[in-house]
Amino acid sequence: MARTVQLWRDEAPPAPMLATPCELDALNLDNSSMLYEQKFDGIRAIVIVEPAHPSARVRLLSRNGNDKATQFPEIVRALRELAAQLSGTVILDGEVVALDARGQPASFTALQSRMHLKGAMDIDARSATVPTALVVFDLLREGVEDLRPLPLAARRARLEYLLHVRTSERLREGLYVAGHGRNVLAQAKREGWEGLIVKDADAPYLSGVRSRTWRKVKLHKTATLVIGGWTDPKGTRSGFGALMVGRFTDARGKPARPAKGSDATLCYAGNVGGGFSDAAISDLLLRLRPLARTTSPFVDAPRARGQHWVDPRLLCEVRFSEWTPEGRLRHPVFLGLRDDVGPDAVDPTGRDGSPSRPAQQPRPRATMRESSLEGAGVDMDASERRPYLPITAIVEQLQLLEDAGRDGSLTLPDGVLEVTNPKKVFWPASGLTKGNLLRYYARISPWLLPVIADRPLVMKRYPNGVLGKAFYQQRAPDTVPAGVNVQVVEGDEDDDGPMPRLIGGSLLTLLYVAQLGAISLDPWFSRAASPAAADFVAIDLDPMPGVPFAQVRDVARWVREALVMLDVPAALKTSGSSGLHIYIPLAEGTSYQSGQLLCQIIATAVASQHPKVATVERAVARRGRTVYVDYLQNIEGKTLACAYSARASQFAGVSTPLQWDELDQDIRPEDFTLENAFTRFETTGDLWNPILRGTPVDLRAVIGRLGG
DNA sequence: GCGATTT
DNA sequence: AAATCGCAACGCCCT
DNA sequence: AGGGCG
């Protein structure tokens, strides 16, 4: 029966077809109508090649449709050679891979160094040291013809014919084997492939669909493990031989978080001796030596000569083939340090394929934006992998700029930021500089970014430090660095029309506002996408001049008592200036007005019970020497400095989350500064995000209790 | 801090 | 070329 | 309606 030719009619570039993840045991290895391919560890690309006439054009589109052509000029050159021999447009599906010294596809980590580069010079420099190639495995369009309805086997045949004698070092055809699954799997294990792709030879190409006619199975596992020590080098190796790594587990042997006071213990998981470059070894030793201690942090590590122990604080990513029955890593390879997360913020159980992923949030509030290049909602393979641009590397860049006292550019995972005057003193009392501010924000970003994600930011800018003249700025600058998040909130206009605002959530945007001299971070209580719905409300305890801080703590305790009575959860933090903030998470979609009503009731009650200490009086002159209990900030567009924000206070305060029982200790706002707050954060862990993501208040229930 | 405007 | 300027806005409470 | 407040 003659098959009519389907004409290509889409205007938009096609989205790639995706494979369904599959366990190895569930894989069909005995079906001769399956095609088996090597799974590559690179960047998926839809490639559109238009012929030289009328004008050659090559596009290299990522899963999200971003054109990566400028980042891989050597591949584009190869594709242009192909274009010269074409008479019609072709669309290919493939994977950009890094090549190792032998010209074989290498690991994703090699590619990562290429992914963020913007400048032509950088790209040229890297293309010499990290060559790349395009591995093509499907043909979607040839001339006017849409091949996607054809069976895969037919498309592969057409692809083979098209690329015949046209492949090169840079442009390769992905190999496949029809049937013989067991043999392919054996080869894959022998050669250490990342994984296998298994495709139904009869299936059409379904753009943008994760189909079960394509399966992917991982042969490697990945885990995040805690470094507990290292061993002496042997032979020609310098620095260390291997890292000794482990996992925190609780009394029942389940993976656990090393929370303060818990009985979590560190279980030895083996030595990791492969995957290090010389540079990585010396860098690691630099970080490990300061953590050295004399006793083993492991409960169960075998003793041997040449072992050195460290405090179990550093986390690393390890790729390995499987867990041995004794709970040790088989074939472990070091991938990198996990210092892109805050102290203790990680899931120490790692992502090793075991069913230990924490349950999903009940709703999508304030979760950290995927910082991956490809953005959110992409194929798991890439989104699981953070770009390896460790926070420490960013802090080092900043330190270099500040030491040199020079302006310069800062390379971040999501863009490039020009930094000026890193040595300018922002806090004369302590001599802290703009560079100190930028470094602090870079370090705290894993905890801070979720707090401001998707929220419009009001800037109060201090370009000349905390003693200089300050001004507010709501409207985003006309031009911002590429990658900085600017959005218009629905219905938000002023005389100049729609109001573009800076939206928090990315490291680039965070450091950009700091570069502009915005010392504190002041996010809305609602998110840009739903401006009328407050995610939380706050009560601001602000002592009048001369009021001892002990009284502020008293008022906070009374507020807390009222909240506990109503069964309302709340979070406490210093404002970073002179007072305290109490935040109350709200159920989804709660209006500002009803949230504010709750605060008003509590504030008024406390003030009337303790009139000498607390007041809700708006007129400053009539407040006396009391603590002002301000419930008025709970209005759309109003802000408070957020948790982990620096402040323009004389002492360079940081808004520091507190535990309620700390109100009984003699703590003061001045105890937590830009210089020392991080030390505390390392020991307390992230006190803020868990509470604000915890069970929110359903106001109807509270009002029910109020009514009695 | 920075771009636009005024001197 | 140098100096200067603008960079927020509005809902609430009390009078 | 106007002023102070944040």
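Here the residue numbering is sequential within each chain, running from 1 through the sequence in written order. Here every chain gets a letter starting at A, and every ligand a number starting at 1, in the order they are written. Where local features are concerned, this predicted model is filtered to residues with pLDDT of at least 70; where side-chain atom pairs are given and counted, the filter is 80 or more; whole-chain, interface and lining totals use all residues. Side-chain figures throughout are based on the complete set of non-hydrogen atoms in the structure, without hydrogens or water.

A.B. asks: Residue-level account of the confidence of the model for chain A, with values.
C.D. replies: Confidence scores per residue from the predictor, reported as pLDDT, run from 0 to 100. Looking at chain A as a whole, its pLDDT mean stands at 83, while 86% of the residues score no less than 70. Helix and strand labels come from DSSP, where a helix needs a run of H or I of at least four residues and a strand needs a run of E of at least two; each type is numbered from the N terminus. The secondary-structure element of chain A with the lowest mean pLDDT is helix α7 (residues 380-383), recorded at 29, while strand β29 (residues 522-523) shows the highest, at 98. Residue contacts are counted whenever heavy atoms from the two residues lie within 4.5 Å of one another. Predicted confidence for residues 340-388 stays below pLDDT 50, and this span has 114 contacts to residues more than four positions away or in other chains. Two numbers describe this predicted complex: its pTM, 0.55, and its ipTM, 0.91.

A.B. asks: Break down the pattern of salt bridges for me, with residues and values.
C.D. replies: Between side chains of opposite charge, pairing is possible as soon as their charged atoms come close. Whenever a carboxyl oxygen of Asp or Glu lies within 4 Å of a side-chain nitrogen of Lys or Arg, that contact is scored as a salt bridge. This structure, assessed with the given rule, holds 25 salt bridges. Across the salt bridge formed by E50 and R57, the nearest N and O atoms sit 4.0 Å from each other. Of the charged contacts, one joins D666 and R553 as a salt bridge, the two residues approaching to 3.2 Å between their closest N and O atoms. Within this pair, whereas D666 is found in the loop between β37 (657-658) and α13 (677-684), its partner R553 is found in helix α11 (residues 549-565), the two being separated by 113 residues in sequence. Shared partners join several salt bridges into a network, and the residues in it are E37, R156, E173 and K199.

A.B. asks: Can you tell me about the nonpolar core, naming the residues and giving the values?
C.D. replies: The definition of a nonpolar core used throughout is a set of buried Ala, Val, Leu, Ile, Met, Phe, Trp, Tyr and Cys residues joined through side-chain atoms within 4.5 Å. Per-residue accessibility, obtained with a 1.4 Å probe over protein chains only, is compared with the maximum for each type, and a residue is labelled buried under 20%, exposed over 50%, and partly exposed between these values. Within the largest apolar cluster, 101 residues are counted, with the highest numbers of intra-cluster contacts made by Y441, L511, L541, V555, I582, I584 and Y644. Ranked by residues supplied to this core, first place goes to helix α9 (residues 434-452) with 11 residues. A domain assignment, automatic or from a database, supplies the domain bounds used here. Here this core gathers at least three residues from each of two domains, domain 3 (391-523) and domain 4 (531-707). Here L541 is in contact with V552, V555, A556, G579, L580, I582, V627, Y628 and V629, once residues within four sequence places are set aside. V76, L82, V136 and L159 belong to the second-largest nonpolar core, a separate cluster that totals 27 residues.

A.B. asks: Break down the sheet that holds strand β1 (residues 18-21) for me, with residues and values.
C.D. replies: Taken in spatial order, the five strands line up as β1-β11-β10-β2-β9 in an open sheet, and their pairing is mixed. Two strands in the sheet have a free side with no partner beyond their single neighbour: β1 and β9 (176-178). Across this sheet, the average inter-strand angle for adjacent strands is 35°, counted without regard to direction. Any two strands between which DSSP finds at least two bridges are classified as paired. Across five bridges, strand β10 (residues 195-200) lies against strand β11 (residues 210-218) in antiparallel orientation. Looking at β11, one finds that I197 is bridged to K216. With axes taken as lines fitted to C-alpha atoms, and helix axes fitted only over the stretch in contact, angles between N-to-C directions fall between 0 and 180 degrees. Each of β2 (34-39), β9, β10 and β11 is contacted by helix α4 (residues 152-163), which is oriented at about 55° to β2, the strand it contacts most. Along the sheet, helix α5 (residues 181-191) makes contact with β2, β9 and β10, crossing β10 at roughly 160°.

A.B. asks: Describe the environment of V425, naming the residues involved and giving the relevant values.
C.D. replies: With respect to the element layout, V425 can be found in strand β23 (residues 425-427). The partly exposed category is assigned to V425, whose relative accessible area is 40%. Between the C-alpha atom of V425 and that of G435, which follows or precedes it by 10 residues, the distance is 8.7 Å. In this structure, V425 is in contact with G431, L432, T433 and G465, ignoring residues within four places of it in sequence.

A.B. asks: Talk me through the sheet that holds strand β34 (residues 580-585); I want residue IDs and the actual numbers.
C.D. replies: Pairing is mixed in the open sheet, where six strands are placed in the order β35-β36-β32-β34-β33-β37. Pairing within the sheet leaves two strands with one partner each, and these edge strands are β35 (614-615) and β37. Taken together, the two bridges between strand β33 (residues 571-574) and β37 define a ladder with antiparallel strand orientation. Of the residues in β37, the one forming a bridge with L572 is L658. Of the strands in this sheet, β32 (536-543), β33, β34, β35 and β36 (627-630) touch α11, which is tilted by about 15° from β34. Docked against the sheet, helix α12 (residues 592-609) engages β32, β34, β35 and β36, running at close to 30° with respect to β32.

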